[in-house]
Amino acid sequence: EDQVTQSPEALRLQEGESSSLNCSYTVSGLRGLFWYRQDPGKGPEFLFTLYSAGEEKEKERLKATLTKKESFLHITAPKPEDSATYLCAVQPGGGSYIPTFGRGTSLIVHP
Amino acid sequence: GAGVSQSPSNKVTEKGKDVELRCDPISGHTALYWYRQSLGQGLEFLIYFQGNSAPDKSGLPSDRFSAERTGGSVSTLTIQRTQQEDSAVYLCASSLDPPGRTYNSPLHFGNGTRLTVT
């Protein structure tokens, strides 16, 4: 069974204080790992897809990295508008097209 | 362009009543997913439609839940004889085709229907 574990569950940062969110996974043949951002009362919004170990993707203050067992979402010099829940999902290989999601990390950035 | 649209945005119903939740996917997207999100829980997969293929219903929690997709576009999730444990946010997502098949097929989510069963 595919499993995705995100840590920490919640993270409070001061504006400008860089940190990382972790996504550990077990999956039968990773086809892709996805990061989403979810604001309160909204649906998840796609951020990145990573396909193979060693791959990195960047967008503004966010950088996602991938190893064979986990992914990190690095947040550099965060701003209050980066406050949201960040979700990680894995897409298994084989014939399944059902992404499995983690429970997310709730990030609050204080000004 | 228009994103995934879900209606209603909020639904309060009495225990035992039936409810219908609607999802309008992005035009041209062949894959459609329903997920359920409860407070403090991750997204729980419910059902998946891909083109004209038989849907993957493996995530439906009981036979009270059913879904259909008409004309490869609009989808309706129906919950019969609602129970209090059905209270959650029901999210619909569509993608151009199954994620992983190409490099440009993330899931695009609607803002969900918040269902409260009293």
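Residues numbered from 1 in each chain as written. Chains lettered and ligands numbered in written order. Predicted model: local features only at pLDDT ≥ 70, side-chain atom pairs only at ≥ 80, totals over all residues. Heavy atoms only, no water.

Draft legend 1. Summary view of the interface of chain A and chain B. Counting from both sides, the interface comprises 18 residues of chain A and, opposite them, 22 residues of chain B. Between chain A and chain B, roughly 1,700 Å² of surface is buried when both sides are summed, and carbon and sulfur atoms account for 61% of that area. On the surface where chain A and chain B come into contact, there are zero salt bridges. On the surface where chain A and chain B come into contact, there are five residue pairs in polar contact (both at pLDDT 80 or more). At the level of secondary structure, the elements contributing two or more residues to the side of chain A that touches chain B comprise β4 (30–38) and β9 (84–92) of chain A. When residues in the side of chain A that touches chain B are grouped by element, the largest group, four residues, is from β4(A). Residues belonging to the side of chain A that touches chain B are distributed by class as follows: 10 nonpolar, five polar and three charged. (Contact = heavy atoms within 4.5 Å. Buried area = accessible area lost by both parts, 1.4 Å probe. Salt bridge = Lys/Arg side-chain N within 4 Å of Asp/Glu carboxyl O. Polar contact = N/O pair within 3.5 Å; in protein donor to acceptor, adjacent residues only side chain to side chain. Helix = DSSP H or I, 4+ residues; strand = E, 2+ residues; numbered from the N terminus. Nonpolar A, V, L, I, M, F, W, Y, C, P; charged D, E, K, R; others polar.)

Draft legend 2. Up close: the pairing of strand β8 (residues 88–95) of chain B. Residue and element names in this part refer to chain B. Burial analysis of β8 places eight of its eight residues in the buried class, which makes it a mostly covered element. The two faces of β8 match: Ala88, Tyr90, Cys92 and Ser94 on one face and Val89, Leu91, Ala93 and Ser95 on the other face are all buried. Where strand β4 (residues 31–37) meets β8, seven bridges bridge the pair, whose relative direction is antiparallel. Bridge pairing in β8 places Arg36 opposite Tyr90. Direction of pairing for β8 relative to strand β10 (residues 113–117): antiparallel, over a ladder of three bridges. Note on β10: the bridge partner recorded for Val89 is Arg114. One ladder, built from two bridges, connects β8 with strand β9 (residues 108–109); its direction is antiparallel. By the bridge assignment, Ser94 is partnered in β9 with His108. (Buried < 20%, exposed > 50% of the residue type's maximum accessible area, 1.4 Å probe, protein only. Pairing = 2+ DSSP bridges.)

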